[in-house]
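Residues per chain, in single letters:
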Amino acid sequence: QKEVEQNSGPLSVPEGAIASLNCTYSDRGSQSFFWYRQYSGKSPELIMSIYSNGDKEDGRFTAQLNKASQYVSLLIRDSQPSDSATYLCAVNTLTGGGADGLTFGKGTHLIIQP
Amino acid sequence: GAGVSQSPRYKVAKRGQDVALRCDPISGHVSLFWYQQALGQGPEFLTYFQNEAQLDKSGLPSDRFFAERPEGSVSTLKIQRTQQEDSAVYLCASSLSLGPAGSTDTQYFGPGTRLTVL
């Protein structure tokens, strides 16, 4: 059973601060890791993808992956009220030439306080 | 270009009715996925197509759920004899291709269909 664990929150962060979102996964065969942002009543929107150990930066967002610890995180610098949303961690295991569906965590509800 | 589209956006059904949900993936995307998202939960995988072939249907909750993608493009998720527990948002996603991990396996989601079963 593949599992992805996230703290559901809410995580409250002051505007301008760094928001840190964490995720652990159970399947060591996982190869692709994604962070999606989901506003209330909307569909998931891709924020970051990461495939190799280490950090990957894109604007105010940094994804961090540690496969040995089965841990992936997302840092949001200079947090803005518009960053307030639910952040979903998703993991993909590519097996036998075919992809599995993504396994999602339940999401962390992030609130940026003005 | 156009993203993933889904219709209808909202569907209200009486218990026992059959419903059909449609997904138009991004043009040229080989892979198509269906997910079910209950309130306050992350999406849960239902089924997956590579072109017209349904390669994985392990997430379908019961034999009342059926999906097809006959020409390798548009897909339909059908739910027969709907039950109240089927109430959820049904999300469709597509990705360019399969194979080694990389940008081509990124899944892009449609707006979803919110199904309410009374």
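Procedures and definitions
- Residue numbers restart at each chain and count upward from 1, following the sequence in its written direction.
- Whichever chain is written first becomes A and whichever ligand is written first becomes 1, with later ones labelled in order.
- Confidence filtering applies because this is a predicted model: local features only for residues at pLDDT of at least 70, side-chain atom pairs given and counted only at 80 or more, and all residues used for totals across whole chains, interfaces and linings.
- Only hydrogens and water are removed before side-chain values are computed, so all heavy atoms of the structure are retained for them.
- Numbering of helices and strands runs from the N terminus; a helix is a DSSP stretch of H or I covering at least four residues, while a strand is a stretch of E covering at least two.
- With C-alpha atoms as the basis for the radius of gyration, the globule rule is written as 2.2 Å multiplied by the number of residues raised to the power 0.38.
- Here's how the labels work: a residue is buried when its accessible area is under 20% of the maximum for its type, exposed when over 50%, partly exposed in between, all with a 1.4 Å probe on protein chains only.
- The accessible surface values rely on the Shrake-Rupley method and a 1.4 Å probe; as for residues, cover is taken only from the protein chains in view.
- When charges are counted, neither His nor the chain ends are considered; positive counts come from Lys and Arg and negative counts from Asp and Glu.
- For this purpose, a charge sits on NZ of Lys, CZ of Arg, CG of Asp or CD of Glu.
- By disulfide we mean two sulfur atoms from cysteines, separated by a distance within 2.5 Å.
- The pairing criterion for strands is at least two bridges between them, as found by DSSP.
- Axes here mean lines fitted to C-alpha atoms, for a helix over just the part in contact, with angles spanning 0 to 180 degrees between N-to-C directions.
- Residue contacts follow a heavy-atom distance rule, with two residues in contact if any of their heavy atoms lie within 4.5 Å.

As for the overall build of chain A
- From N to C terminus, chain A includes 0 helices and 13 strands.
- For chain A, the succession of helices and strands along the chain, N to C, is β-β-β-β-β-β-β-β-β-β-β-β-β.
- Relative to its length of 114 residues, chain A is compact, with a C-alpha radius of gyration of 14 Å against a globular reference of 13 Å.
- With the principal axes as the frame, chain A shows a C-alpha extent of 50 × 30 × 20 Å.
- Residues counted as buried form 47% of the 114 residues belonging to chain A.
- Surface exposure of chain A reaches about 5,200 Å², of which carbon and sulfur atoms provide 46%.
- Counting 9 positive and 11 negative side-chain charges, chain A places the centres of these two groups 3 Å from one another.

Some remarks on the state of the cysteines
- Under the defined criterion, the tally for this structure stands at 2 disulfides over all chains.
- Shown here is the disulfide that connects Cys 23 of chain A with Cys 89 of chain A, its sulfur atoms set 2.1 Å apart. Around the S-S axis, the bridge from Cys 23 of chain A to Cys 89 of chain A shows a dihedral of about -70° and counts as left-handed. With Cys 23 of chain A in strand E3 (residues 19-25) and Cys 89 of chain A in strand E9 (residues 85-92), this pair connects stretches of sequence that are 66 residues apart. Each of the two residues, Cys 23 of chain A as well as Cys 89 of chain A, counts as buried.
- Here Cys 23 of chain B engages in a disulfide with Cys 92 of chain B; their sulfurs sit 1.9 Å apart. On the sign convention where negative means left-handed, the S-S torsion of about -65° between Cys 23 of chain B and Cys 92 of chain B marks this disulfide as left-handed. Pair noted here: Cys 23 of chain B is in strand E3 (residues 19-24) and Cys 92 of chain B is in strand E9 (residues 88-95), with a separation of 69 residues, a long-range link. Cys 92 of chain B shares its class with Cys 23 of chain B; the two are buried.

Some details on the sheet that holds E3 of chain B
Residue and element names in this part refer to chain B.
- Taking strand neighbours across the sheet as the criterion, the 4 strands line up as E1-E3-E8-E7 in an open arrangement whose pairing is antiparallel. On the outer flanks of this sheet lie strand E1 (5-7) and strand E7 (65-68), each paired with one strand and no other. Direction aside, the axes of adjacent strands within the sheet are offset by 15° on average.
- The pairing of E7 with strand E8 (residues 75-79) spans 4 bridges and is antiparallel. Looking at the pairing, Glu 68 lines up with Thr 76 of E8.

Quick notes on the environment of Gly 112 of chain B
Residue and element names in this part refer to chain B.
- Among the secondary structure elements, Gly 112 is positioned in the loop between strand E10 (108-109) and strand E11 (113-117).
- Separated by 47 residues in sequence, Gly 112 and Phe 65 place their C-alpha atoms 17 Å apart.
- Contacts of Gly 112, omitting those with residues within four sequence positions, involve Gln 6, Pro 8, Arg 9, Val 89, Tyr 90 and Leu 91.

Points about the pairing of strand E5 (residues 45-50) of chain A
All names here are of chain A.
- Of the pairings in the sheet, the one linking strand E4 (residues 32-38) to E5 comprises 5 bridges and is antiparallel in character. If you follow Arg 37 over to E5, its bridge partner there is Glu 45.
- Here E4 folds back onto E5 in antiparallel fashion, the turn holding 6 residues, of which Gly 41 has a positive phi close to 80°.

Concerning the sheet that holds strand E7 (residues 61-66) of chain A
Residues and elements named next belong to chain A.
- In spatial order, the strands read E1-E3-E8-E7-E6; together these 5 strands make up an open sheet with antiparallel pairing. The two strands at the open ends of the sheet, each matched to only one other strand, are strand E1 (4-5) and strand E6 (54-58).
- In the sheet, E7 pairs with strand E8 (residues 71-76) via 6 bridges, with the strands oriented antiparallel. By the bridge assignment, Gln 64 is partnered in E8 with Ser 73.

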